[in-house]
Amino acid sequence: MLRINEENLRDEIRSARDWRDKHLRQWRGMKERFAGLAYRSDVSYDHQHDIENIIGQYVSLVLPRMAYDVPRIHVTADDPANNKRASALELGMNQWAKRSALRPTLQQLATDMTMCWGVALVTPEPVKHLRRIDMGGAGLMPRVYRIAPEKFFIDPAAETAREARYFGHEYNMDLDDLLVQAESDDAFDLDVIRDLKASYDRQREEYARGAVSVPDRNEVTIIEMWVPELEVEGAKDGVHHGGLVRLVEDAEGSAQLAGEPQPYYGPACGPYTVFGAYTVPSDVYPLGPMTMALPLIEETNDHAKTMSYSAAAYRRLVMVDSRGSKMAQDVASTPDMFVVPAENMDRDRVVPLEIGGVTQQQMAYQNIMSARLDRLTGMSEVIRGSVSGDATATEVSTASASSGLRLGYIQRQFADAVNSAMYKCAWYIVNDDTEIPLGPQASSFGLPARAKGSEMGIDLAEMTLDVQAYSMERTSEALQQRRAVELLQIVGNVGQQVAAMPFINWERLTAIVGDALNIPDMGDILNVEEMKKAVEQAQQAQQAKMQEQEAQAASQQAAARSRMQTGPADAAQELRNQERSARGRGGF
């Protein structure tokens, strides 16, 4: 078990920070390349401005395909008897995702993931030091926060995140606020907090944010570590998994324990979710697409700058015979498209001359560099939406499929990470007493509009959560129009088939079709229950009409039989009665 003492924890944190910083050597420069010179006046990387903002191009193309909208969560139960509970959890999760300001956080995580890696922290309630100014009514527990890559660390000895013996992050907090919290929270040692001296780690702050000029805010650095293997006294099975260790760094720069380790209230997979595109063998940190392509990006921009210098140095001169001063003056002063008369004109006395400019070799090599970048990142002209027309339809289709495969893999990686974070959120929902809204669809499942997760009787071990990658993707206007037409056709077809095939689970079918068409709310449009009720009412009305017709036919048949049984005399009497009735009405 990991030794929980100040000296050993200091060594572990120092080692983890050093290993993390080795992976983030280009992190600040990548952010500045992404933003460009117009965003901020100061730059840190030792280059002039980039001619090609390749990082910005990649993020602007990939981000709408990863985190354009709020994810749609689908929950299935292993046992069909728990389908109602699964529906309740699904409704609650989707309502929570729409109300909890999740979309901006996912966009930040997607941007981090394209460059290096992203880190999400899931907590059971809003945390003041992570979001001091919160949106009023933005949502209920739980909450997802973005942790900056330079503020997060993992066990450097681990080869994968599953093998890590600890995870952690750091943040700054006002010393006065920490003292107030320590007075009411037993997790902090009040004597240790009172002895702290506020500090301002300018070197680390400049590394994270650049040359920021801010005054000393009387802050201290707090380090929180989750140790999965730590067994803390008082932990409850199924509710607590591992332990949380807090350390503080003051002006002296030495970390010390802020209190005794506390049991971690949360899922067994921990509070952190790492977003990464590619896995590096035997390394715990993932690899971002732009980190992988950065050397090629730098070389491409170096050659682009050389071509820019060559183009700026281009000169077009006219050489004339020094003996013809009048000719030289005429060439220099005559406007365009004017006729200049000349005596005894000799073609060799006027020679146009070009100096500098972009050479064919430079253009050819720049095209080679662009092709290398396209092969490495999958960011071809087809994905950019710029097709010259020189390529055949087969070539365009092949390039689109290849690029789509790479982007599809990155989308799947991002969706898997979002799915892991959503599982953590679901754990807090089903284990907390806070009421969550279930939305207007709850009544169709026989559920209340609001419910407490702890009272739903849900066991996440018997549920499967799935985040649809296409639900977070941005689609083109043409595709949306085509899907709208398809939706109208589907509505007409389904409306006619519901009564004919009641053995089909139409709710599940509409959900699958909606996810495939990127219309996650198709279930709201197609109210299958109301369709069934309308069909049943129509059938009942038709059946009642048929019964009425049958009753009338039976009555007529009975009257006919009665007339046959009474005989001619009774028939004549009935005829006379009809005549009297007709005269009384003035008929004849």
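This one's a predicted model, so the numbers in the text were calculated from it and none came from an experiment.

Reading the values: rules and limits
Residues numbered from 1 in each chain as written. Predicted model: local features only at pLDDT ≥ 70, side-chain atom pairs only at ≥ 80, totals over all residues. Heavy atoms only, no water. Pairing = 2+ DSSP bridges. Helix = DSSP H or I, 4+ residues; strand = E, 2+ residues; numbered from the N terminus. Axes fitted to C-alpha atoms, helices over the stretch in contact; angles between N-to-C directions. Contact = heavy atoms within 4.5 Å. Phe/Tyr/Trp six-rings, centres within 6.5 Å; stacked < 30°, edge-to-face > 60°. Buried < 20%, exposed > 50% of the residue type's maximum accessible area, 1.4 Å probe, protein only. Lys NZ or Arg CZ within 6 Å of the ring centre and 35° of its normal. Polar contact = N/O pair within 3.5 Å; in protein donor to acceptor, adjacent residues only side chain to side chain. Salt bridge = Lys/Arg side-chain N within 4 Å of Asp/Glu carboxyl O.

**Thoughts on the sheet that holds strand 3 (residues 143-147)**
Okay, so step 1: Across the sheet, 3 strands lie side by side as 3-2-10; this open sheet has antiparallel pairing. Of all the strands in the sheet, the pair left with one neighbour each is strand 3 and strand 10 (272-275). Mean inter-strand twist for the sheet, computed between neighbouring axes without regard to direction, equals 25°.
Okay, so step 2: The pairing of strand 2 (residues 118-123) with strand 3 spans 5 bridges and is classified as antiparallel. Bridge assignment links Val119 to a residue of strand 3, and that residue is Ile147.
Okay, so step 3: Each of strand 2, strand 3 and strand 10 touches helix 5 (residues 102-115); the most contacted strand, strand 3, lies at about 30° to it.

**Regarding the packing of aromatic side chains**
Okay, so step 1: Counted according to the given criterion, the structure contains 11 aromatic pairs.
Okay, so step 2: Note on Phe152 and Tyr272: the rings are 5.4 Å apart at their centroids and 55° apart in plane angle, and the pair reads as tilted. Highlighted residues: Phe152 in strand 4 (residues 152-154) and Tyr272 in strand 10, separated in sequence by 120 residues. A single burial state applies to Phe152 and to Tyr272, both of which are buried.
Okay, so step 3: Each ring, one from Tyr265 and one from Trp427, has its centre 5.2 Å from the other, and the planes form 70°; the classification is edge-to-face. Taken as a pair, Tyr265 in strand 9 (residues 262-265) and Trp427 in helix 13 (residues 393-431) lie far apart in primary sequence, 162 residues in all.
Okay, so step 4: Residue Tyr265 is classed as partly exposed on the basis of its relative accessible area of 27%.
Okay, so step 5: For Trp427, a relative accessible area of 7% corresponds to the buried category.
Okay, so step 6: Among the aromatic side chains, those forming a connected cluster through ring pairs are Phe152, Phe167, Trp226, Tyr264 and Tyr272.
Okay, so step 7: Cation over ring: Arg103 sits above Tyr68, and NZ or CZ is 5.9 Å from the ring centre.

**Regarding the environment of Arg316**
Okay, so step 1: Counting through the fold element by element, Arg316 comes out in strand 11 (residues 315-320).
Okay, so step 2: Overall, Arg316 belongs to the exposed group, its relative accessible area being 55%.
Okay, so step 3: Along the primary structure Arg316 and Ile355 are separated by 39 residues, whereas in three dimensions their C-alpha atoms are 6.3 Å apart.
Okay, so step 4: A distance of 2.5 Å separates the side chain of Arg316 from the side chain of Glu354, its partner in a polar contact.

**Brief notes about the pattern of salt bridges**
Okay, so step 1: Counted according to the given criterion, the structure contains 14 salt bridges.
Okay, so step 2: Its salt-bridge partner being Glu249, residue Arg17 comes within 3.1 Å of it at the nearest N-O pair. Residue Arg17 is found in helix 1 (residues 6-23), and its partner Glu249 is found in strand 7 (residues 240-249); the two are separated by 232 residues along the sequence.
Okay, so step 3: Measuring nitrogen to oxygen at the nearest pair gives 3.0 Å for the salt bridge that ties Arg412 to Asp416. Here Arg412 pairs with Asp416, and both are found in helix 13, just 4 residues apart, close to one helical turn.
Okay, so step 4: Several salt bridges converge on common partners, so that one network encompasses Arg17, Arg20, Asp21, Glu170 and Glu249.

The quantities given are spatial measurements derived from coordinates; they are silent on function.
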